[in-house]
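Chains, contacts and geometry: an overview
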Amino acid sequence: MMPTAPPKDSAITIGDAEFDRICDFLYRRTGMIFGEVKRHYVDRRLRERIEASGHDSFRDYFTMMLADTDEYERLVSSFTINETYFYREEYQFRCLTTSVLPLVTQHKRRGDTIRLWSLPCATGEEPYSIAIWLLENWASVDDWQVEIVGSDIDTTALRTAAAGLYGARSLMRLPTSVTDRYFTRTEDGHFQLIPDLCSSIRFTRVNVMDRAAMAAHGRFDVILCRNMLIYFDDKSRREAIGNMYDCLVDGGFIFLGHAESMSRVSSLFQVRRFDETILYQKNTETAHG
Ligand SMILES: C[S@@+](CC[C@H](N)C(=O)[O-])C[C@H]1O[C@@H](n2cnc3c(N)ncnc32)[C@H](O)[C@@H]1O
């Protein structure tokens, strides 16, 4: 038997100074921290971008990328980790309908808008999960104008989100009855979300470190910021949380992922312990509840 060919080695080398430069650049722009432990990950992705853009040195590539927004976005997209799936940390969706929305709506009139922001939304499973969960589990859903926005820094992930086409792994936590109601099966075994649901979510590119871009989205009653701050350090976490604070209405809520917390980084929020989960509520005299 012939042995399999070894992976083709790239002629492009990334020196220590170049590694430091790209890590520093990504950190300052996005908040994501890549240290020596991620050296292999960083080198591989960077080499791929240099080659794909037709360059043969870091220096030429970096100079070009700084002046080319599309390439900058492709570079960032190649460094993000988009792990997500439908009904991830489902207990948080339960908390949304049993505890949070009753508090949020206390101060609204029937028919008013409720604004929910899935930031980051990665490939869209999270904002679509919110929509499906509300339709399935919230009896008052028709009494309100619910607006769900999905945002992420990763433009490639956002394209997948808008298409609403998923593999079986993304749906592994959904009950079959829910899958049958909201998806159609394609010939090649994928699952296409029904058009009404796809068009019910607005997807936008947002960098959580960009205060002005965040503010342009207005204020939200609830922000789900799950499983992103684990890739940040305390300084970038603090900055991102400050930007989110500005985008919440008085008394608005933030959901974080189960491995994340505001401790050490923010006193701007009140810790709220519900049966299902701990949430963070914008500190204000007029806070809901
Ligand atoms: C692991 S996914 C989390 C997706 C979803 N919230 C969930 O919990 O399933 C992390 C996402 O954070 C996004 N991200 C990283 N830095 C970001 C930034 N500065 N602004 C906005 N999104 C960012 C990545 O593109 C990635 O899609």
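Rules used in this analysis
- Residues numbered from 1 in each chain as written.
- Predicted model: local features only at pLDDT ≥ 70, side-chain atom pairs only at ≥ 80, totals over all residues.
- Heavy atoms only, no water.
- Near = heavy atom within 4 Å.
- Polar contact = N/O pair within 3.5 Å; in protein donor to acceptor, adjacent residues only side chain to side chain.
- Areas by Shrake-Rupley, 256 points an atom, 1.4 Å probe, with all protein chains shown as cover.
- Nonpolar A, V, L, I, M, F, W, Y, C, P; charged D, E, K, R; others polar.
- Buried < 20%, exposed > 50% of the residue type's maximum accessible area, 1.4 Å probe, protein only.
- Helix = DSSP H or I, 4+ residues; strand = E, 2+ residues; numbered from the N terminus.
- Arc of directions from axis to C-beta.
- Contact = heavy atoms within 4.5 Å.
- Domains from an automatic or database assignment.
- Buried area = accessible area lost by both parts, 1.4 Å probe.
- Salt bridge = Lys/Arg side-chain N within 4 Å of Asp/Glu carboxyl O.

**Quick notes on the site of the ligand**
Lining the immediate environment of the ligand, one finds 21 residues, of which Thr30, Thr84, Pro120, Asp152 and Asn227 sit closest. Interatomic distance of 3.4 Å between a backbone N/O atom of isoleucine 153 and a nitrogen atom of the ligand. Asparagine 227 places a polar side-chain atom, nitrogen or oxygen, 2.7 Å from an oxygen atom of the ligand. When the ligand is considered free in solution it has 600 Å² of accessible area, and contact with the protein chains removes 99% of it. A class-by-class count of the residues in the shell around the ligand yields 9 nonpolar, 6 polar and 6 charged.

**Notes on helix H3 (residues 58-66)**
If you check which residues of H3 are buried, you get Phe58, Tyr61, Phe62 and Met65. Looking straight down H3, one finds its buried side chains confined to an arc of 95 degrees; they lie on one side. Turned more than 90 degrees off the buried face of H3, the exposed positions are Arg59 and Thr63. Along its buried surface, H3 packs onto helix H1 (16-30), helix H2 (39-52) and helix H4 (69-79).

**Focus on the domain arrangement of the protein chain**
What the domain assignment reports for the protein chain is domain 1 (16-78) and domain 2 (90-286). Distance between the C-alpha centres of domain 1 and domain 2: 29 Å. Taken together, the 10 residues of domain 1 in the interface contact 12 residues of domain 2. Buried surface at the junction of domain 1 and domain 2, summed over both partners, amounts to about 950 Å²; 50% is from carbon and sulfur atoms. Considering only the surface of domain 1 that becomes buried against domain 2, Tyr27, Glu73 and Ser77 emerge as the three largest contributors, covering 42% of it. Between domain 1 and domain 2 we count 1 salt bridge in total. As a salt-bridge pair, glutamate 73 and arginine 205 come within 3.6 Å of each other at their nearest N and O atoms. The interface formed by domain 1 and domain 2 contains 6 residue pairs in polar contact (both at pLDDT 80 or more). Put simply, the parts of the chain that give the side of domain 1 that touches domain 2 at least two residues each are H1 and H4. It is H4 that contributes the most residues to the side of domain 1 that touches domain 2, 4 residues altogether. When the residues that make up the side of domain 1 that touches domain 2 are grouped by side-chain class, the tally is 5 nonpolar, 3 polar and 2 charged.

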